[in-house]
Amino acid sequence: MTEMNMIQSLNSALDNALETDKNVVIFGEDVGYFGGVFRVTDGLQEKHGDHRVFDAPLAEGGIAAIAFGMGLNGLRPVAEIQFADYIFPAYDQIVNEIAKLRHRSGGEFSTPVTIRTPAGGGIKGGHHHSQSPESQFTHTPGLKVVYCSNPNNAKGLLTSSIECNDPVIFFEPKRCYRGPFYGDPHNVPTWKGHAKADVPEGHYAIPLEKADIVMEGDACTVIAWGAMVHVAEQGIRNSGINAELIDLQTLVPWDRDTIVNSVRKTGRCVIVHEAPKTSGFGAEMSASIQERCFWHLEAPIIRVTGWDTPFPHTTEWDYIPSPERIAEAIKKTQEA
Amino acid sequence: MSGNKEGALDTYTVPTAPFRPGDEADFGGSWKEQPGDLNRPDPIDCNSNDTYDHAHGLIRVLGDDNSASGDWNPDLDAEELIKGLELMMRLRIFDDRMIKMQRTGKLSFYMRSFGEEAIAIAQTMALDDTDWIFPSYRQPGAQFVRGRDMVSMICHCIGNTEDNIRGRQMPVHYSWKEGYFISISSPVGTQFSQAVGVAMASAYKGEDQATITWLGDGTSAQGDFHYGLNFASVFKPPVILNVVNNQWAISTHRNLATGGSNFAARGLAYDIPSLRVDGNDFLALYSVTKWARERARAGKGATYIEVYTYRAGAHSSSDDPSRYRPGDEFKCWPGGDPVDRLKNHLISIGAWSEEKNAELTEKIDSEVMAAYKEACKFGDLASGPYPPASTIFTEVYETVPWHVQEQREELGK
C-alpha cells in the first residue's frame, strides 16, 4: 500500500494497464507530452512512448470515433475527454456507435472503449467546467457508467473499466483529485491520512457493479456517488442520525442487492447527486427502490440534488448539495 | 429571393438543384476531361501538391470510344475484367430482386446501388482480402467481391431466423466480420472518422492492412467528415477516404453540401493527396484505389478520393425522386452506366459479347432467385419466423446484467 491522491492513483492504474496489456492506448487533449490538464497522465508518454500515449486534435467527436475504430480492431483504447462538459460533440459516437456496436452487429464486433472524464463542480469552473452529465449516459443501453470517489476506488474501478469488454464512461470528481470534499469550501483537506488514500501498487482491480458501504447505520440509507459521497458523510455527521452511507460506484448496472438490503433494513432513503434533479439518476434510483422496497419504507424517499438550472460560477456553493441540506433530508425521513 | 421585408437587402443565398421535374437535364453531353489528361504520380513520393490537378480534374481510363488508355490504365487482364463485370451485374440483379421483394411486402425497406455498382466492386477488388471495408449503405457490393453467400445477405434483409444480426437493424445494414466488412450504422458519416481509428490500430499492430471507407456528398457536411480528414492528416494511418459525390442526398442537391462544386480539392487543404475519379469508370476506380493502397503499404498515410457519379435510383425504397428531379436525369449523366461501359469495353477488345452477357444475366438471375427462395425458408417478413424475442436482450453487454435480465423475464420469452 502506498498513500496516493486520486491523480496519482489514476495515473498508477493507467501506468499499470499500459504495462500489462500492449493493446492499451491512451489519448485525448493535452494528455501526451504535457500529461493532462489535471496531470492524470503525467509521465506516461515518456515512459510508454508516443504511439501509446498521445495528444489528440481538439475534437471530442473525433476522439470518440477513433476510439471506436481502434477498439473494434483489437486495441483497448482509453480516451480522455478533458471536461465532462465537453463530451457532447462525442455524444453521437458514444450513444449511437460505441454503445450499440456489439448489439447491432449480432456480436460480430465490439469495442472495449473506456472514456475517462472529470466531472462535477467545486473548482469555480462555471457552467462549462462543472457539470455532472452521468444521466445522459445511464439512459443508453450498452454503456457501463462508473463514478469513482477516492484514490483507492479510482484505481480499482479504472483498472476494471479498462479490462471490461463493454464500453465504460468513467467519471472522476475533479474536486476530489487532491483531497476529499466535505462541503466546506474553506476547509481544503488533502488525501493525507485518509483511509481510502491507501492504494496498492501494481495491478489493482475492484469489481464493477458493486457499491461500497462507507458507513454502516440503521436509521436511514444515504446513497451518493463522486464528490457527494464525502459531502453526504459530513451531512450524516451533522444530522446526528445513525445513517448508512453507500457509495454507489457503478451507476449502470447498479448494485441492487446492497441497496435493497440496506433500504429494507433502514426503511428510509436519501439520494444525493450534484446533477440537476429532473431526470437525474436519483430519479431512477428512487423509482427502482420504491418498486423493490415499498412495504419496508417508513418515509418518502428524498432526493438532494443540484438545481434544475445551469451550474453557476461564483454562487456554486449554493448550487452543490450541502451537508446542511443533506442533514435536513435525513432528519425529515425520521419524522414519519 | 427576399426575406420577410419587401425591398430589403437580403444577401444570403439558398441554393437549389440545377434541374427540377419538368426541366430538361443537361450536363454538357460528355466529359471534357479525357483519359490520358492526367499523369499518375509516384504514389510513394508524391505529396498533396502533386495531386492538385488530379483533385481538380477527373481521372478516367475508359474513353467514350470504350477503349482503355492513359497512365491510369491498370492493364487488367480480360479475366479480371469479366469478374468485375459479373460482380456488378450480380449486384444489380440482386438489388432488382430485393426491391421487388420490398414492393411486394417481403422486405421492410431496401436501398439499391443502381448506377454506383462500380464503386464498391472495383475498389474492393483493388484491395487485399484482409483490408477493412467500412462502408456506408451504398457499398454492400463489397461483399460480393469477397464471396458472401447471397442467402445470408437476404436473410439479413428479411430479418429472419438466419439473419446474422438477429433482426436488429434495418435491411442493408450488413455486418460480416469474416469478410472484414464492418457493421453499417444509419447515422451518416460516423464510419468516416471511425475508419481512421481502425487504420491506426492496424498500423499500431504492425500489420499491412488498409482501411477503406466511404460517405456521400451530402454527408460531407457532417462533422465526422472533417474529423476523419483531419485525424487522417495528423496521424497518417493507412486509410482510404472516399466521398461518393452522387449529386443527391435524398432530395438535397450536392450544392447544399458545399458552396463550390468540387469535393476532392477539400482534401488538399488537409495536406492529403487527393484524387477525383469518374465513379462510373470501373478501370479508373480500380486504378486510383490500387494507387492509394500502395501509399498505405508504404506507410505514406491517407489518400482522399472524390468518386464523381450520379445516384441513378431512388435514395431508398421510401423515396420518390420524381418529386424533386427530372425522371430521366441519370440518362443525361455524361458518366453513363458503369455496367454498360465495362461491358462495351470488353466487347470492344473481343473478350465479351451480347450473347455471353445475356447468358450470364440469366444465370445470375436464376442464382439470385434460388438464393431468395432458400432465404425465405428461414422466415419471411409477413409471417416469420423471426429471431426469438430473447435476442432483444442479448449482446447489449458481453453478459446480460441483472436489470436487463429482469426485463427479459418480464417479457416472459
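Residues numbered from 1 in each chain as written. Chains lettered and ligands numbered in written order. Predicted model: local features only at pLDDT ≥ 70, side-chain atom pairs only at ≥ 80, totals over all residues. Heavy atoms only, no water.

Thoughts on the overall build of chain B
What counts here: Secondary structure elements follow DSSP: runs of H or I of four or more residues count as helices, runs of E of two or more count as strands, with numbering from the N terminus. Throughout, the radius of gyration refers to the C-alpha atoms, and the reference size of a globule is 2.2 Å times the residue count to the power 0.38. Accessibility here uses a 1.4 Å probe with only protein chains present; expressed as a share of the type maximum, an area under 20% marks a residue as buried, one over 50% as exposed, and anything in between as partly exposed. By definition in these notes, contact holds between two residues if any of their heavy atoms fall within 4.5 Å.
Scanning chain B for helices and strands turns up 12 helices and seven strands. For 413 residues, the compact-globule estimate of 2.2 N^0.38 gives 22 Å, and the C-alpha radius of gyration of chain B, at 22 Å, lies within 12% of that figure. By its C-alpha atoms, chain B is 65 × 65 × 55 Å across when sized along the principal axes. Across the 413 residues that make up chain B, the buried fraction comes to 58%. A separation of at least 24 residues holds for 76% of the contacts in chain B among residues at least 6 apart in sequence.

Examining the pairing of strand β7 (residues 168–173) of chain A
Residues and elements named next belong to chain A. For clarity, the threshold we go by: Pairing between two strands requires that DSSP report at least two bridges joining them.
Burial analysis of β7 places six of its six residues in the buried class, which makes it a mostly covered element. Along β7, one buried face is formed by V168, F170 and E172 and the opposite face, lined by I169, F171 and P173, is buried too. In this sheet, β7 lies alongside strand β5 (residues 114–119) in parallel orientation, the contact comprising six bridges. The residue bridging T114 from the neighbouring strand is V168, located in β7. By the bridge criterion, four bridges tie strand β6 (residues 144–147) to β7 in an arrangement that is parallel.

Considerations on the interface of chain A and chain B
The line we're drawing: Here the quantity called buried area is the total loss of accessible area, with a 1.4 Å probe, experienced by two parts when brought into contact, counted for both. Every case where a carboxyl oxygen of Asp or Glu lies within 4 Å of a side-chain nitrogen of Lys or Arg is listed as a salt bridge. Counting of polar contacts relies on pairs of N or O atoms within 3.5 Å, with two restrictions inside protein: one atom must be capable of donating a hydrogen and the other of accepting it, and residues adjacent in sequence are counted only when both atoms are side-chain atoms. The classification used treats Ala, Val, Leu, Ile, Met, Phe, Trp, Tyr, Cys and Pro as nonpolar, Asp, Glu, Lys and Arg as charged, and all other residues, Gly among them, as polar.
Taken residue by residue, the interface counts 48 residues in chain A and 45 residues in chain B. Summing the contributions of chain A and of chain B, the shared interface buries around 3,700 Å²; its carbon and sulfur component is 60%. Among the residues of chain A in contact with chain B, A:N73, A:H103 and A:R104 are the three that bury the most area, contributing 19% of the side total. Viewed at the interface, chain B and chain A are joined by two salt bridges. Measuring nitrogen to oxygen at the nearest pair gives 2.8 Å for the salt bridge that ties B:E406 to A:R256. Counting the contacts that link chain A with chain B gives 29 residue pairs in polar contact (both at pLDDT 80 or more). The element that contributes the greatest number of residues to the side of chain A that touches chain B is helix α3 (residues 60–72) of chain A, accounting for nine residues. Of the residues contributing to the side of chain A that touches chain B, the split by class is 21 nonpolar, 15 polar and 12 charged.

Details of the packing of aromatic side chains
Which entries qualify depends on this criterion: Ring pairs are drawn from Phe, Tyr and Trp, using the six-membered ring of Trp, whenever the two centres fall within 6.5 Å, and their geometry is named by plane angle: stacked under 30 degrees, edge-to-face over 60, tilted for the rest. Note on criteria: charge over ring means Lys NZ or Arg CZ within 6 Å of the ring centre, with the direction from the centre no more than 35 degrees off the ring normal.
Inspection of the entire model under this criterion finds 31 aromatic pairs over all chains. A centroid spacing of 5.4 Å and a plane angle of 80° characterise the contact between A:Y91 and A:F137, whose relative ring orientation is edge-to-face. Linking A:Y91 in helix α4 (residues 91–98) with A:F137 in helix α6 (residues 135–138), this pair joins segments that are 46 residues apart in sequence. On the accessibility criterion, A:Y91 (26% relative accessible area) is partly exposed. A relative accessible area of 0% places A:F137 in the buried class. Pairwise contacts between aromatic rings join B:F19, B:F27, B:W31, B:Y308, B:Y310 and B:W333 into one cluster. If you follow A:R39 out to its NZ or CZ, it ends over the ring of A:F34, 4.6 Å from the centre.

What about the domain arrangement of chain A?
All names here are of chain A. Stated precisely, the cut-off is as follows: Segmentation of the chain into domains, including their bounds, is taken from an automatic or database domain assignment.
Structurally, chain A comprises domain 1 (2–199) and domain 2 (212–333). For domain 1 and domain 2, the distance between their C-alpha centres works out to 24 Å. Contact with domain 1, which involves 32 residues of that partner, is made by 30 residues of domain 2. Interface of domain 1 and domain 2: buried area, both sides summed, is about 2,500 Å²; carbon and sulfur atoms make up 60% of it. Looking only at domain 1, the three residues that lose the most surface to domain 2 are K124, F181 and Y182, adding up to 24% of its buried area. Linking domain 1 to domain 2 there are two salt bridges.

Points about the sheet that holds strand β7 (residues 303–308) of chain B
All names here are of chain B. Quick reminder of the rule: For every element, the axis is a line fit to its C-alpha atoms; helices are fit only across the contacting stretch, and the angle between N-to-C directions ranges from 0 to 180 degrees.
Across the sheet, five strands lie side by side as β1-β2-β3-β7-β6; this open sheet has parallel pairing. Because the sheet does not close on itself, it has two edges, and the strands there are β1 (132–134) and β6 (274–278). Between one strand and the next, the sheet's axes are offset by a mean angle of 20°, whatever the strand orientation. Relative to β7, strand β3 (residues 239–245) runs parallel, the two being bridged by six bridges. Its bridge partner lying in β7, L241 is registered against Y304.

Section: the pairing of β3(B)
Residue and element names in this part refer to chain B. The criterion, for reference: For a crossover, the right-handed case is the one in which the path from the first strand over the helix to the second runs clockwise, viewed with the strands pointing away from the viewer.
In terms of residue burial, β3 counts as a mostly covered element, since seven of its seven residues are buried. Side chains of β3 alternate between two faces, with V239, L241, V243 and N245 and I240, N242 and V244 buried alike. Pairing geometry for strand β2 (residues 211–216) and β3, over six bridges, is parallel. Bridged to T213 within β3 is L241. In this region the chain leaves β2, passes through helix α7 (residues 223–235) and returns to the parallel neighbour β3; the handedness of that crossover is right-handed.

Focus: the domain arrangement of chain B
How big an interface is tends to be expressed through the accessible area that disappears when the partners come together. Residue and element names in this part refer to chain B. Per the domain assignment, the segments of chain B are domain 1 (48–382) and domain 2 (385–413). Here the C-alpha centroids of domain 1 and domain 2 sit 35 Å apart. Each partner contributes residues to the interface: domain 1 has 11 residues there, and domain 2 has six residues. When the buried surface of domain 1 facing domain 2 is broken down by residue, T161, R166 and R168 rank first, second and third, together holding 62% of it. Our count for the contact surface shared by domain 1 and domain 2 stands at two salt bridges. Note that R166 and E395 form a salt bridge whose closest N and O atoms lie 2.8 Å from each other. Counting the contacts that link domain 1 with domain 2 gives five residue pairs in polar contact (both at pLDDT 80 or more). Class assignment for the residues of the side of domain 1 that touches domain 2 results in three nonpolar, five polar and three charged.

Some thoughts on the confidence of the model for chain B
Put simply, the rule is: Per residue, pLDDT measures the predictor's confidence, with a range of 0 to 100.
Scored by pLDDT, chain B has a mean of 96; 99% of the residues are at 70 or more. At the level of chain-chain contacts, confidence expressed as ipTM amounts to 0.96, with global pTM at 0.97.

A look at the packing of helix α3 (residues 117–125) of chain B against helix α9 (residues 282–297) of chain B
Two packed helices can be described by the angle between their axes and the distance between those axes. Residue and element names in this part refer to chain B. Just so we agree on the cut-off: Angles are sorted into four bins: roughly parallel if under 35 degrees, roughly antiparallel if over 145, roughly perpendicular if 65 to 115, and oblique for all others. The handedness criterion is simple: a crossing whose near helix is rotated anticlockwise from the far helix by less than a right angle is left-handed, and one whose near helix is rotated clockwise is right-handed.
Two numbers describe how α3 lies on α9: the axes approach to 8 Å, and their chain directions differ by 45°. On the basis of their axis angle, the class for α3 and α9 is oblique. The crossing of α3 and α9 is right-handed. Where α3 abuts α9, its residues A118, I119, I121, A122, Q123 and M125 lie against F282, L285, Y286 and T289. Split into classes, the residues belonging to the contact of α3 with α9 amount to eight nonpolar, two polar and no charged.

Let's talk about the side chain of A:E134
Residues and elements named next belong to chain A. Put simply, the rule reads: Under the convention used here, Asp and Glu are negative, Lys and Arg are positive, and both His and the chain ends fall outside the count.
Its location among the elements puts E134 in the loop between β5 and α6. Of the side chains with opposite charge, K174 comes closest to the buried, unpaired E134, at an N-O distance of 10 Å. Apart from the residues within four sequence positions on either side, E134 is in contact with V145, Y147, F171, W225, L251, H273 and A275.

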